[in-house]
Amino acid sequence: MPRSIADQSESELGGPGSVLARQRRDHIRLDQLLHELDGSTGRHQEEVLQRIDRLVFSHAFAEEAVLWPAVRRVLPDGEELTLRIEEEHQEVNELVSALEEGGLDDPQRPARLARLVEVLREDVRDEEDVLLPRLQEKLDEHELRRLGRQWELVRRISPTRPHPTVARRPPGNALSALPLSVIDRTRDLVDAGVRRGPARLAPVGEAVSKGLAGVAALVERTPPARHGDRPETSR
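Values in this document were obtained by computation on a predicted structure and should not be read as measured data.

(A) Examining helix α4 (residues 109–138) more closely. For α4, spanning 30 residues, the distance from its first C-alpha to its last is 42 Å, which sits close to the expected 44 Å at 1.5 Å a residue. Remark: the principal bend of α4, roughly 40 degrees, maps to E127.

Now the structure itself:
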């Protein structure tokens, strides 16, 4: 059985620019954030969740646009392996959307948070222990670094919020990436301003963020954004 990428050195993974090394760095950062989330409450909990969102959704979007198509090309069971991960990504999108809609006082919030942490950790283990080591067997270091550059480029321009209606596969995710990324990253800036700015301006910022969320909902429900999705991950 292939070794987990969690147990390999950076050199074994193909160097710091390899897609495997880049993935693992994000996973380590996610683990740190999940530890910080544990025991947090109120506004601090929301702030930590927003940092998790910015990491997780851009990471997953780049996987679905760049990495999983490569897995399906080179592995005979790539379809089955990537579909499992995509189902986990879909559940994360739905859980975070429900947390945002329910707010801090939602009685279902603790259960949803616990399930979110569980799914995120399952996703990391499925990737590091199963899928990525299998990919490593098929690609040389040059190919892993090439994939790493592509993945990093897409990650930097990917959405940072949950979009459970968008397809988990091309062409839908690729077609929706740019408008959703612009909207999400603008919302990130607005929300940061609300947290740090004068309290009297908070209602204005919150209204702007809510309006942008409405625009994003329209984008993700257009037919092009949903094209290519599998029934198992469609909403």
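(B) Examining the side chain of R187 more closely. Locating R187 in the fold gives a position in helix α6 (residues 172–196). In this structure R187 is buried but unpaired, with D191 as the nearest side chain of opposite charge at 4.6 Å. Beyond its immediate stretch of four places on either side in the chain, R187 contacts R161, S209, L212 and A213.

(C) Unusual backbone geometry, seen in detail. Following P170, the chain continues into P171 via a peptide bond in cis, with omega recorded as 5 degrees. Looking at where P171 falls in the secondary structure, it is placed in the loop between α5 (141–156) and α6.

(D) Spatial organisation of the nonpolar core. Within the largest apolar cluster, 21 residues are counted, with the highest numbers of intra-cluster contacts made by V19, L67, W68, L131, L132, L135 and L147. Secondary structure elements with two or more residues in this core: α1 (19–37), α2 (42–74), α3 (78–102), α4 and α5. Ranked by the residues each element gives to this core, the list is headed by α2, at six residues. With residues up to four places along the chain from it excluded, the contact list for L132 reads I5, L20, Q23, L67, W68 and E127. Within the second largest apolar cluster, 19 residues are counted, among which are L34, I52, L116 and V119.

(E) The arrangement of the side chain of D53 in detail. Looking at where D53 falls in the secondary structure, it is placed in helix α2. Buried and unpaired, D53 has no salt bridge, with R161 as the nearest side chain of opposite charge at 6.0 Å. Excluding anything up to four places from it in sequence, D53 contacts S58, V96, E100 and T160.

Calculation notes
Residues numbered from 1 in each chain as written. Predicted model: local features only at pLDDT ≥ 70, side-chain atom pairs only at ≥ 80, totals over all residues. Heavy atoms only, no water. Helix = DSSP H or I, 4+ residues; strand = E, 2+ residues; numbered from the N terminus. Expected span 1.5 Å × (residues − 1). Bend = angle between axes of the 7 residues up to and from the residue. Buried < 20%, exposed > 50% of the residue type's maximum accessible area, 1.4 Å probe, protein only. Lys, Arg positive; Asp, Glu negative; His and termini not counted. Salt bridge = Lys/Arg side-chain N within 4 Å of Asp/Glu carboxyl O. Contact = heavy atoms within 4.5 Å. Core = buried A, V, L, I, M, F, W, Y, C linked by side-chain atoms within 4.5 Å.

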